[in-house]
Each structure stands twice: as structure tokens, then as C-alpha cells.
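Given next are the chains, with one letter for each unit.
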Amino acid sequence: MGPARLDWRDIPLARAADTLHVAVGAGPLGDAVAVNMGNPHAVFFVDDADAVPLEALGPGLEIDPLFPEHANIGVAQRLADDRLRLRVWERGAGLTQACGTGACAAAVAGARRGLTGRSVTVVLDGGELGILWREDGHVEMTGPTAASFSGVLPG
Ligand SMILES: N[C@H](CCC[C@H](N)C(=O)O)C(=O)O
């Protein structure tokens, strides 16, 4: 998936900040980890990811002025040293069944916070992904594939 970028300029954030503790939030969510996986992510660690009203909080957080290019909003729950539960409000899309870059961002965020190791399984609504944050900074993602639909473009 390429390298995780962690400098505030690369997220990007609107002003200088420690991307391990970003002062942004809404409702019960606060203190995000910001990660760029080719797109901007903010990850909030919570006790119960399924209890967070992400459909209510996501729209405002996505467009917070701190995120000049807007952001994907993840809520992550540590299940074990090598396991995270994750839900993602995707920039421009809303809640989705799974988000690969979001899973990478959450794994990087969990390792940076010392909540998990660098190799984790991320449990999304749509299934599980294996994520490895390599020592060289690149992130590997492993998981099943499935056909969702097929079609034919006219013309
Ligand atoms: N669905 C894609 C990410 C799309 C993220 C998009 N919402 C953005 O803001 O860049 C994935 O699984 O990684």
C-alpha cells in the first residue's frame, strides 16, 4: 500500500501538530491519530467502536477545518495486541463495509500509540484484513477477494 506518512504537512493538517495526538473531536471522540496512506485519515481509539454514532459524527469531522483536504474518519477498538475492530466514515462516501487504507491507517495508529504490535488483523463490517507496518515504513495488506458485481458499459 506504500508508506504511511506521518508528518502533519503530509496528512495534510491545516497547522503544525503532533500527528500522534491531534486536537480534533466531536461528541465522545477526541485526540486522534492522523495518518496519510495516500489519502488523509484520522483514527480515534475508543472502548467500543460499535457504540460510536459515526453516522452522526462523521460528516462534521470529515470536513473539520483542521483537514484542508478533508479526512476519512476511523473509530478503532483494541481487541488484542494483534487485533483491532474498525469502522470508517469515508471521505465523500460515508460509512462503508470496509476501507483498506483505513485499516492500514488504524494499524499504524495502533502501533504508534503502543496499543498493538506492527502486525494486526483488522476486523471490519465486511470482513478481516491482515495489516503489517514494515520497518521500512511501507504497509502490507492481506485479505480475501470476492466479486461484488459485474456489468457491461453501453457503447
Ligand atoms: N475505499 C478505499 C479508500 C477510499 C478513501 C476515500 N474515501 C478517500 O477519501 O480517499 C479503500 O478501501 O482504501
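Located above this text is the structure these notes cover.
First, a word on what this report is: a plain description of the structure on this page. Just so you know, the residues in each chain are numbered from 1, in the order the chain's sequence is written. Two thresholds apply to this predicted model, a pLDDT of at least 70 for residue-level local features and 80 or more for giving and counting side-chain atom pairs, whereas whole-chain, interface and lining totals are computed over all residues. As a rule here, side-chain values cover all heavy atoms of the structure and leave hydrogens and water aside.

## With respect to the site of the ligand
Here's step 1: Within the structure, the ligand sits among Asn39, Asn72, Glu90, Arg91, Cys99, Gly100 and Thr101.
Here's step 2: Pairs of N or O atoms within 3.5 Å make up the polar contacts considered here, provided that, within protein, one atom can donate a hydrogen while the other can accept it, and that residues adjacent in sequence are counted only when both atoms are side-chain atoms. Within the side chain of Asn72, an N or O atom sits 3.0 Å from a nitrogen atom of the ligand.
Here's step 3: Here a nitrogen atom of the ligand and a side-chain polar atom of Glu90 are 3.0 Å apart.
Here's step 4: Relative to its unbound accessible surface of 350 Å², the ligand loses 69% to contact with the protein.
Here's step 5: Residue composition of the shell around the ligand, grouped by class: one nonpolar, four polar and two charged. Any residue with a heavy atom positioned within 4 Å of a molecule or strand is treated as near that molecule or strand. For accessible areas, the Shrake-Rupley method is used with a probe of radius 1.4 Å. Any residue's cover is judged against the shown protein chains and nothing else. We call Asp, Glu, Lys and Arg charged. Ala, Val, Leu, Ile, Met, Phe, Trp, Tyr, Cys and Pro are nonpolar, and the rest, Gly among them, are polar.

## Comments concerning the nonpolar core
Here's step 1: In this text, buried Ala, Val, Leu, Ile, Met, Phe, Trp, Tyr and Cys residues form a nonpolar core when linked through side-chain atoms within 4.5 Å. Only protein chains enter the calculation, and the probe is 1.4 Å; a residue is then buried if its accessible area is under 20% of its type maximum, exposed if over 50%, and partly exposed in between. Grouped together as the largest cluster of nonpolar side chains are 27 residues, with contacts concentrated most on Val35, Leu86, Ile131 and Val139.
Here's step 2: Helix numbering and strand numbering both begin at the N terminus, where a helix is a DSSP run of H or I of at least 4 residues and a strand a DSSP run of E of at least 2. Every element with two or more residues in this core is listed here: strand S2 (29-36), strand S3 (40-45), strand S5 (83-90), helix H2 (100-112), strand S7 (119-124) and strand S8 (127-133).
Here's step 3: By residue number, the principal contributor to this core is H2, which donates eight residues.
Here's step 4: Setting aside anything within four residues of it in sequence, one finds Val139 in contact with Met1, Gly2, Ala4, Met37, Cys104, Val108, Ile131, Leu132 and Trp133.
Here's step 5: Counting residues in hydrophobic clusters, the runner-up holds 21 residues, among them Val22, Val46, Leu54 and Leu66. Note on contacts: a residue pair qualifies if any of its non-hydrogen atoms lie within 4.5 Å across the two residues.

## Remarks on H2
Here's step 1: In this model H2 runs 18 Å from its N-terminal to its C-terminal C-alpha over 13 residues, within 8% of the 18 Å that 1.5 Å per residue would give.
Here's step 2: Judged by how many residues are buried, H2 sits mostly within the fold: eleven of 13 residues are covered.
Here's step 3: Listing the buried residues of H2 in full gives Thr101, Gly102, Ala103, Cys104, Ala105, Ala106, Ala107, Val108, Ala109, Gly110 and Ala111.
Here's step 4: Directly beyond the C-terminal end of H2, a positive phi value near 75° is found at Gly114. A helix is expected to reach a length of 1.5 Å times the quantity of its residues less one.

## A short note on the pairing of S2
Here's step 1: Buried residues dominate S2, accounting for six of its eight residues.
Here's step 2: Whether two strands pair depends on DSSP finding at least two bridges between them. Sheet topology places strand S1 (residues 22-26) next to S2; three bridges connect them, and they run antiparallel. Along S2, the bridge assignment pairs Ala26 with Leu29.
Here's step 3: Here S1 hands over to S2 after two residues, with Gly27 in that stretch at a positive phi of 50°.
Here's step 4: Direction of pairing for S2 relative to S3: antiparallel, over a ladder of four bridges. Bridged to Ala34 within S3 is Ala42.
Here's step 5: Turn length for the S2-S3 hairpin, with the two strands adjacent in sequence and antiparallel, is three residues, and the turn residue Gly38 shows positive phi of about 95°.

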